[in-house]
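# Structure assessment
Here is how the chains run, residue by residue.
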Amino acid sequence: MVSPRTQARRYAALALYQWRLTGEDPMAIKRHMLDDPDWLDAVSASLQGIDEDEALASAHRFRFNLELFEQLLAGVPERIEPIDAQLSRFLDRPIEQVDPVELAILRIGAFEILFSAAIPDGVAINEAVELTKLLGAHEGHKYVNGVLDKIARHQAVARRAAERPGGEG
């Protein structure tokens, strides 16, 4: 069974992917997702590998962390410039050329590394890698892992420098 936080990241990745493609307000996308339980059930079943013909057990319906989902849908667009700036430092191509699904996942992972102190970097990276295995291109998880690992290392060095006497902290 998928944890509620993992499921929230899955839904957030789908919503942020839609945001990138359509330019629609992320909160409107959220409302659409929450207002259409049949669609959300179908997405949930698909993400969990449940056959379309199988009924989704009530235990699986809407079993996601709404707080994290909302935090990601608000936080990533709000901080898109610093997120994309960090991503661009470690990408091997222009950000516009990154697969849109993988870019949504990279943005979630980068947001958690850069702005969510309560989430360990390793957890953010692992969640992004697993999400890419599910939704991304073949072998895309290796790319996501490499980029987010570089961001996490860079942030760790910056945090240590800021904590030293005479640092920026």
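This write-up is about the structure you can find in this document. Everything numeric here is computed off the predicted structure, so don't read it as measured data.

Restricting attention to buried positions, one finds in helix α5 (residues 80-90) the residues Ile80, Ile83, Asp84, Gln86, Leu87 and Phe90. Looking straight down α5, one finds its buried side chains confined to an arc of 160 degrees; they lie on one side. Tucked into the core, α5 has its buried residues touching α1 (4-22), α4 (66-78), α6 (100-115) and α8 (140-163).

Let us look at α6. Under the 1.5 Å per step criterion, the end-to-end length of α6 is 22 Å for 16 residues, consistent within 8% with the ideal 22 Å. Across the 16 residues of α6, 13 count as buried, placing the element largely inside the fold. At the N-terminal boundary of α6, the capping side chain belongs to Asp99, with an oxygen 3.0 Å from the backbone nitrogen of Val101.

Moving on, we come to unusual backbone geometry. For Glu139, which is not a glycine, the phi torsion comes out positive at approximately 70 degrees. Its place among the elements puts Glu139 in the loop between α7 (121-135) and α8. When its relative accessible area of 34% is taken as the criterion, Glu139 is described as partly exposed.

Criteria and cut-off values
- Residues numbered from 1 in each chain as written.
- Predicted model: local features only at pLDDT ≥ 70, side-chain atom pairs only at ≥ 80, totals over all residues.
- Heavy atoms only, no water.
- Buried < 20%, exposed > 50% of the residue type's maximum accessible area, 1.4 Å probe, protein only.
- Helix = DSSP H or I, 4+ residues; strand = E, 2+ residues; numbered from the N terminus.
- Arc of directions from axis to C-beta.
- Contact = heavy atoms within 4.5 Å.
- Expected span 1.5 Å × (residues − 1).
- Polar contact = N/O pair within 3.5 Å; in protein donor to acceptor, adjacent residues only side chain to side chain.

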